[in-house]
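Coordinate analysis (summary)
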Amino acid sequence: MSVPAEHFATAEDQRQAAELGMWVFLTTELMFFAPLFLGYAYNRWAYASAFAEASRHTDVVIGTVNTAILLTSSLFMALAVRATQLGHRRPTQVFLLVTATLGAIFLGLKGLEYAHEWDEHLVPWLDFRFAPGNAHGAALFYYLYFGMTGLHATHLTIGIAMACVFAFRLRTQPAQHLRNQIETGALYWHFVDAIWVFLYPILYLVNRHG
Amino acid sequence: MNAVPDSEIVPERVLHESSYLHEGFTLRSWLLTRDHKRIALLYLISITGFFFIGGAAATLIRLELMTPAGDVVDAETYNKLFTAHGVIMVWFFLIPSIPATLGNFLIPLMIGAREVAFPRLNLASWYIYTLGGIFVVATLIAGGVDTGWTFYTPFSTLFSNTNVVLAVIGVFVVGFSSILTGLNFIVTVHRLRTPGMTWFKLPLFVWAHYATSLILVLATPVLAMTLSLVVFERLTHIGIFDPALGGDPLLFQHLFWFYSHPAVYIMVLPAMGVASEIIPCFARKRVFGYRMMAYAIFGIAIIGFLVWGHHMFVSGQSLYASIAFSLLSFLVAIPSAIKVFNWTATLYKGSITLSAPMLYILGFVGLFTIGGLTGLFLAATALDVHLTDTYFVVAHFHYIMVGGTVMAYLGGLHFWWPKIVGRLYPETWARIAAVTIFIGFNLTFFPQYLLGAQGMPRRYHEYPARFQLLNEVSSSGAVILGIGYLLPLAYLPWAMLRGRRSSANPWGATGLEWQTPSPPPQENFATTLQVIRIPYDYHPATESAESQA
Amino acid sequence: MAIPTVKALLSVWLGLLVLLGLTTASAYLDLGVGNGVANLVIAIIKVSLIALFYMHLRHATATVRLAAGAALLFLFFLAFLSFGDFLTRSRNSTPWRAPQTTSATGDTY
């Protein structure tokens, strides 16, 4: 924005307000995920062997590749922000679209994973089958797995849509006009990535050596 | 004796007509407004509506409890009544009451700003609130929900045959309304203060709402996810809260109360903020210990996050956790007590006017103190084992939420009504209402302490005969309380249309909101203000000298 | 506002990938409880890198940093006190007694 909204004294005031607003929002998002993390921590403590067994059934190859994809998407989002700050419209668009594409590939691979898990009867409530003895704990693991990765995927979808919208708007507007939006959108994207950084080890890497 | 000097009453013909109320008269101009003042009024209408719906449920409850037998409604209907009362009063009245109406209206004015940081988000908050309200009304129409406002598992997830999902969706949605309001206030206070308005020149009303906003953004999302888990559990029976399937009902309780205890501070901190504005004005004296008051607000907010287990002393929670929560619960009383002492010290040797707002706030201070002290009884685990789930607890929280928050809300509404609508309310009627409410309130709820101590359980539609007399007193008091609430419902709108015109500062109060006309223009201030005076710059010595001259 | 160099952004990215390799590889070694600890520590380092360099927390105002810290602090409160209950619960439990059907005051339920 080159002209601030009328209740802000300067453009810098508006930029700082947008930045603080997004960080406060991310705080609420973290607290929104919090009960799932607590539920996971409690049930992992209560059903240690079941969680270990269940985690070994996750697709660690897709999980690891997806993590690398998401980390790379964060790189490109950071590059997009940098390009916006320098006023380079075309590179910003390219970086945003690469970010969105990587996010979409993540979602595609996730969909494949979900399809495999459905075939292997690992979806709780929908014909869930697991070795008896660990069945309750494994059901809880997969409940949290689908809950957390599903919620994450929803947030990622919103992020992809945002990146696409920004890239589209850049067709007719200079980079400076969208700077606040892209910077705050990037914060959101990095947050979604950060959540995945925690989800990956707790879902895919429990007792892998067993 | 008039609270407002005659010199402050402005003749009709002198006033200009360019306030925020005159910027468009269409429905569209109100429903698509970005003006924080108009959004505050939208909220005022909504929450008043819900207050009376919740009050209707309370009326039926007190009617049933007039006699020991369960003869007005059956047990399940009674469960639905207290659930409706709790859900509506907590989430659709108390939590938004002061922040969404007075907070929205006043915070930009008090800091010298034109608007809140995110005006469109502010409007979205109100629409989200309304959507949540629609779900709750739908729940009532569909036959209600009987789990209690606390939605305890596994009853809510496995056994209740009522509209749990519909009710929970309503609460989930309205939670986002309060999250966005809190977000808006935090950024507004950080980024939109006028030059010279440093943190320690802010009115305590703003400090209180800032701390409240911190609680709103940190606690409410936890509730949202917890309620989502209840819905999933109800639909799929996976077992995360079901002991038979290896789940833990206490996981739900920890998550629920992690939000719901700070929620009570969301309800009381804004009320304390209102008190800190009204007492100095009608004692004509600076707030005693301004900085300590600000620090105490934060003490309450932060320690308030660490005490939730005191709702779980008899739930099967570990003894050691209970000890920790009990100790922390005693600690949280300290900053609250500091505030009560400082209000009292502010009154001491002040030049006191018993205007209607002052009557409400004096009632607030006294009743909040009683409610807070009884909280200490409940914080002691050994006592709580006997008092929990009795009417003692019901009396305790009603003393704070009704004797406290609702009285402060009404006091604030009266204090700032001239600013909001540009006209004065009728002072005599307002004082009558304040006294009626105070008397009705005490008659309704004080007997409940006695009932609880004698062992009458809460959430029961029938009770042993020996409890009848106190229940009759309580129900009769509720009639008086109801009449008291109906009075402002009549004369405040009347004042809006027919009251005497008010000047910019009818009370001679400090604070930037009084430096602009009543009602304010849409942009709040004609010029950018520069703040140089300290907060609450009242001078009782010079004022009394002037009035004698 | 400080604009990072491409080199800085790429270095962070490489660091993140190295840490990813480390956390995955270490999962295949039997370190007992050390596996979980290592994974957690590495995840914290990765998120710190993302926050400090990609989210500009290094150059942000104190307010923004406080906001970031506050979330973590309250998450910790939730976990700490809840686990305080979970971990100490099996001690000192009262043996099960059937509830009385008549109270001391003569009411029956």
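Reading the values: rules and limits
Residues numbered from 1 in each chain as written. Chains lettered and ligands numbered in written order. Predicted model: local features only at pLDDT ≥ 70, side-chain atom pairs only at ≥ 80, totals over all residues. Helix = DSSP H or I, 4+ residues; strand = E, 2+ residues; numbered from the N terminus. Rg over C-alpha atoms; globule rule 2.2 N^0.38 Å. Buried ≥ 20, exposed ≤ 12 C-beta atoms within 10 Å, placed from the backbone. Contact = placed C-beta atoms within 7 Å. Nonpolar A, V, L, I, M, F, W, Y, C, P; charged D, E, K, R; others polar. Expected span 1.5 Å × (residues − 1). Arc of directions from axis to C-beta. Axes fitted to C-alpha atoms, helices over the stretch in contact; angles between N-to-C directions. Parallel < 35°, antiparallel > 145°, perpendicular 65-115°, else oblique. Left-handed = near helix turned anticlockwise from the far one by under 90°. pLDDT = per-residue confidence, 0-100. Bend = angle between axes of the 7 residues up to and from the residue.

1. Observations concerning the overall build of chain B
- Across its full length, chain B carries 16 helices and zero strands.
- A compact globule built from 549 residues would reach a C-alpha radius of gyration of about 24 Å, and chain B, at 23 Å, matches this within 12%.
- By principal-axis analysis of the C-alpha atoms, chain B measures approximately 75 × 45 × 45 Å.
- Within chain B, the proportion of its 549 residues that are buried is 58%.
- The contacts of chain B with a sequence gap of at least 6 include a subset with a gap of at least 24, amounting to 85%.

2. Some details on the overall build of chain A
- Tallying secondary structure elements over chain A gives six helices and zero strands in all.
- Overall, chain A shows an N-to-C arrangement of helices and strands of α-α-α-α-α-α.
- Long-range pairs, those at least 24 residues apart, make up 75% of the contacts in chain A between residues at least 6 apart in sequence.

3. What about the interface of chain B and chain C?
- Every contact between the two is made by 16 residues of chain B and, on the other side, 14 residues of chain C.
- Per-element tally for the side of chain B that touches chain C: the top contributor is helix α10 (residues 319–347) of chain B, with four residues.
- In the side of chain B that touches chain C, the residues fall into 10 nonpolar, six polar and no charged.

4. Structural notes on helix α1 (residues 6–27) of chain C
All names here are of chain C.
- An ideal rise of 1.5 Å per residue puts 32 Å on 22 residues; α1 measures up with 32 Å between its terminal C-alpha atoms.
- Along α1, the positions that sit buried rather than exposed are Leu-9, Val-12, Trp-13, Leu-16, Leu-20, Thr-23, Thr-24 and Ala-27. Buried residues in α1, looked at end-on, bunch into an arc of 105°, giving them a common side. With respect to the buried face of α1, the exposed residues turned more than 90 degrees away are Lys-7, Leu-14, Val-18, Gly-21 and Ala-25.

5. Observations concerning the interface of chain A and chain C
- Listed by partner, the interface residues are 35 residues for chain A and 34 residues for chain C.
- When contributions to the side of chain A that touches chain C are tallied by element, the ones reaching two or more residues are α1 (11–46), α3 (60–85) and α6 (179–204) of chain A.
- Grouping the amino acids of the side of chain A that touches chain C by side-chain chemistry returns 22 nonpolar, nine polar and four charged.

6. Overview of the packing of α3(A) against α6(A)
All names here are of chain A.
- Packing of α3 against α6 leaves a shortest axis separation of 9 Å and a crossing angle of 160°. Judged by the angle between their axes, α3 and α6 are roughly antiparallel. Between α3 and α6 lies a crossing of left-handed hand. In this structure, α3 uses Val-60, Gly-63, Thr-67, Leu-70, Leu-71, Ser-74, Met-77, Ala-78, Ala-80, Val-81, Thr-84 and Gln-85 to contact α6, whose residues at the interface are Arg-179, Ile-182, Glu-183, Ala-186, Trp-189, His-190, Asp-193, Trp-196, Tyr-200 and Tyr-204.
- Residues that form the contact of α3 with α6 fall into these classes: 13 nonpolar, six polar and three charged.

7. A look at unusual backbone geometry
- Backbone torsion omega between B:Thr153 and B:Pro154 reads -5°, so that peptide bond is classified as cis.
- Relative to the helices and strands, B:Pro154 resides in the loop between α4 (119–141) and α5 (155–159).
- Residue B:Pro519 is reached from B:Ser518 by a cis peptide bond, and omega for that bond is -10°.
- With respect to the helices and strands, the residue B:Pro519 is situated in the loop between α15 (468–498) and α16 (540–548).
- Not every positive phi belongs to a glycine, and A:Asp127 is a case in point at roughly 60°.

8. Quick look at the packing of helix α3 (residues 75–111) of chain B against helix α7 (residues 204–236) of chain B
All names here are of chain B.
- Across the interface, α3 lies against α7 with an axial gap of 10 Å and an inter-helix angle of 125°. Here α7 runs oblique to α3, going by the angle between their axes. Remark: the crossing between α3 and α7 carries left-handed chirality. Seen from α3, the contacting residues are Pro-99, Gly-103, Leu-106, Ile-107, Met-110 and Ile-111; seen from α7, they are Phe-205, Val-206, His-209 and Thr-212.

9. Thoughts on the environment of A:Leu79
- Mapped onto the secondary structure, A:Leu79 falls in helix α3.
- Sequence separation of A:Leu79 and A:Pro91 is 12 residues, and the distance between their C-alpha atoms is 8.7 Å.
- Those residues within four positions of A:Leu79 in sequence are excluded, and the remaining contacts are A:Phe95 and C:Leu9.

10. What to know about the environment of B:Val340
Residues and elements named next belong to chain B.
- With respect to the helices and strands, Val-340 occurs in helix α10.
- Residue Val-340 is classed as partly exposed on the basis of its 17 C-beta neighbours within 10 Å.
- In the structure, Val-340 is positioned 47 residues away from Met-293 in sequence and 9.6 Å away in space, judged by C-alpha atoms.
- Ignoring any residue separated from it by four or fewer positions in sequence, one finds Val-340 in contact with Val-365 and Thr-369.

11. A word on the environment of B:Lys80
Residues and elements named next belong to chain B.
- With respect to the helices, strands and loops of the structure, Lys-80 is situated in helix α3.
- Taking the number of C-beta atoms within 10 Å as the measure of exposure, Lys-80 has 23 and is therefore buried.
- Remark: the alpha-carbon pair of Lys-80 and Val-145, spanning 65 residues in sequence, is separated by 5.2 Å.
- Those residues within four positions of Lys-80 in sequence are excluded, and the remaining contacts are Gly-144, Val-145, Asp-146 and Thr-162.

12. Topic: the confidence of the model for chain B
- Here chain B averages 93 in pLDDT, while 95% of its residues score no lower than 70.
- Scoring the predicted complex yields pTM 0.93 and, for the interface, ipTM 0.93.

13. A closer look at helix α8 (residues 249–283) of chain B
Residues and elements named next belong to chain B.
- In this model, α8 (35 residues) spans 50 Å end to end at C-alpha, consistent with the 51 Å of a helix rising 1.5 Å per residue.
- The largest bend in α8 comes to about 30°, at Trp-257.
- Burial within α8 is extensive, with 34 of its 35 residues counted as buried.
- Arg-284, located one to two residues past α8, shows a positive phi value of around 50°.

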